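# A closer look at the structure
Residue-level listing of the chains:
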Amino acid sequence: STIVALETVDSTNAYAVSNDLPPFAVVTAESQTAGRGRSGRKWHSAEGLNLYFSIVLNDIEPQKLLPMNIFAGYILADTLKDIADVKIKWPNDIIAEGKKLAGILMETSFSGGKLEKAVLGIGLNVNIEDFPEDIAWMATSLKKISGRNFIREEILASFMNNLEEKYDDFITGRINLINLWPFYSAFLDKKISLHKDGVKTEYTERGIDAFGCLLAENAYGRPETIVTGDIGYD
Ligand code: BTN
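Residues numbered from 1 in each chain as written. Predicted model: local features only at pLDDT ≥ 70, side-chain atom pairs only at ≥ 80, totals over all residues. Heavy atoms only, no water.

## Section: the sheet that holds strand β3 (residues 51-57)
One open sheet accounts for 7 strands, arranged β1-β2-β3-β7-β6-β5-β4; its pairing is mixed. The strands lining the two open edges of the sheet, one partner per strand, are β1 (3-9) and β4 (86-89). Each strand axis lies, on average, 20° off the axis of its neighbour in the sheet, ignoring direction. Pairing of β4 with strand β5 (residues 93-96) involves 4 bridges; the strand directions are antiparallel. (Pairing = 2+ DSSP bridges. Helix = DSSP H or I, 4+ residues; strand = E, 2+ residues; numbered from the N terminus. Axes fitted to C-alpha atoms, helices over the stretch in contact; angles between N-to-C directions.)

This is the structure in structure tokens:
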């Protein structure tokens, strides 16, 4: 499949959204000058150490976008399972040893009110050892976990193989995200704090629904369905 390997770019997601590329085309970069994270945050994109890549997805329906985040988390977790004990923090942080190892950001473009293109962007901390001070407390890398360096291309190739192998099963609904969740979630039946619009609320995580929303029990023992927000690293 098509690989666009860039030295430096503002954001591989931005590049993949705005350029005409075939399905499963991958855009990679050695560094990003404006790497994007969720909720308008920046993604730390140190040069030459990590994986920053975006994949063009074909024929995806709008209601599959949130589940796709979860599915991509499963694929990434499976890809890394022999290297580290990785779990998912809803909706799609990959964590190891309680710290963030990778992040996933889906971006879309619409034309005439119709979903035109979806791009799956992944930032995976591979060989980085020193993080900026503001994220050092909550970030980790494969190197920090295992003490060794990795060939980034091998990890990317293995991720793409896993993704392409399972993609159709996901699109056609043969993969049941709800049933898989207990094997991947970092916090099932555990206390979580959800940060949303500057407010922090305590819950107990109970699972996900078919839309990829989080099912959680509030402090009064009542079930809630959570559509947006971030689970804290505290
Ligand atoms: C998050 O906030 O956890 C999501 C981070 C996603 C970062 C990746 S790096 C490659 C791709 N290009 C971007 O600008 N962002 C994603």
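## Considering the packing of aromatic side chains
If you walk through the whole model with that rule in mind, you get 4 aromatic pairs. Ring centres 5.5 Å apart and planes at 65° place the aromatic pair Phe53 and Phe159 in the edge-to-face group. On the criterion of sequence distance, the pair formed by Phe53 in strand β3 and Phe159 in helix α5 (residues 152-171) is long-range, its members being 106 residues apart. Exposure class is identical for Phe53 and Phe159. Each is buried. Between Phe71 and Phe170 the ring centres are 4.4 Å apart and the planes differ by 5°, which places this aromatic pair in the stacked class. Highlighted residues: Phe71 in helix α2 (residues 65-80) and Phe170 in helix α5, separated in sequence by 99 residues. A residue is classified by how much of its surface remains accessible, and Phe71, at 1% relative accessible area, is buried. Taking relative accessible area as the criterion, Phe170 reaches 3% and is therefore assigned buried. (Phe/Tyr/Trp six-rings, centres within 6.5 Å; stacked < 30°, edge-to-face > 60°. Buried < 20%, exposed > 50% of the residue type's maximum accessible area, 1.4 Å probe, protein only.)

## A few points about the pattern of salt bridges
Counting across every chain of the model gives 10 salt bridges. Arg206 is the partner of Asp189 in a salt bridge, and the nearest nitrogen-oxygen pair spans 2.7 Å. Residue Asp189 is found in the loop between α6 (177-184) and β8 (191-196), and its partner Arg206 is found in strand β9 (residues 199-208); the two are separated by 17 residues along the sequence. The partly exposed category is assigned to Arg206, whose relative accessible area is 40%. (Salt bridge = Lys/Arg side-chain N within 4 Å of Asp/Glu carboxyl O.)

## Looking at the site of the ligand
The local shell around the ligand holds 20 residues, among which Ser11, Gln32, Arg36, Arg38 and Lys100 are the closest. Between an oxygen atom of the ligand and a main-chain N or O atom of Arg36, the distance comes to 2.7 Å. Going through the elements one at a time, α1 (12-18), β3, β6 (99-111) and β7 (114-124) are the ones with two or more residues in the shell around the ligand. Counting residues per element, the shell around the ligand draws most heavily on β6, at 4 residues. Partitioning the shell around the ligand into residue classes produces 6 nonpolar, 10 polar and 4 charged. (Near = heavy atom within 4 Å. Polar contact = N/O pair within 3.5 Å; in protein donor to acceptor, adjacent residues only side chain to side chain. Nonpolar A, V, L, I, M, F, W, Y, C, P; charged D, E, K, R; others polar.)

## A word on the sheet that holds strand β10 (residues 214-218)
Spatially, the 5 strands line up as an open sheet ordered β11-β10-β9-β8-β12, and their pairing is antiparallel. One side of each edge strand has no neighbouring strand; the edge strands of this open sheet are β11 (223-226) and β12 (230-231). Bridge count for β9 against β10 is 5 bridges, and the pairing is antiparallel. Within the sheet, the bridge partner assigned to Thr204 lies in β10 and is Glu217. Relative to the sheet, α6 contacts β9 and β10, its axis offset from that of β9 by approximately 115°. (Contact = heavy atoms within 4.5 Å.)

## Side note on the packing of α2 against α5
The geometry of α2 relative to α5 is characterised by a closest axis approach of 9 Å and an angle of 135° between their N-to-C directions. One finds that α2 runs oblique with respect to α5. Crossing of α2 against α5: the hand is right-handed. Contact residues: α2 offers Pro67, Met68, Phe71, Ala72, Ile75, Leu76, Asp78, Thr79 and Leu80, while α5 offers Ile155, Ser158, Phe159, Asn162, Leu163, Lys166, Tyr167 and Phe170. In the contact of α2 with α5, the residues fall into 12 nonpolar, 3 polar and 2 charged. (Parallel < 35°, antiparallel > 145°, perpendicular 65-115°, else oblique. Left-handed = near helix turned anticlockwise from the far one by under 90°.)

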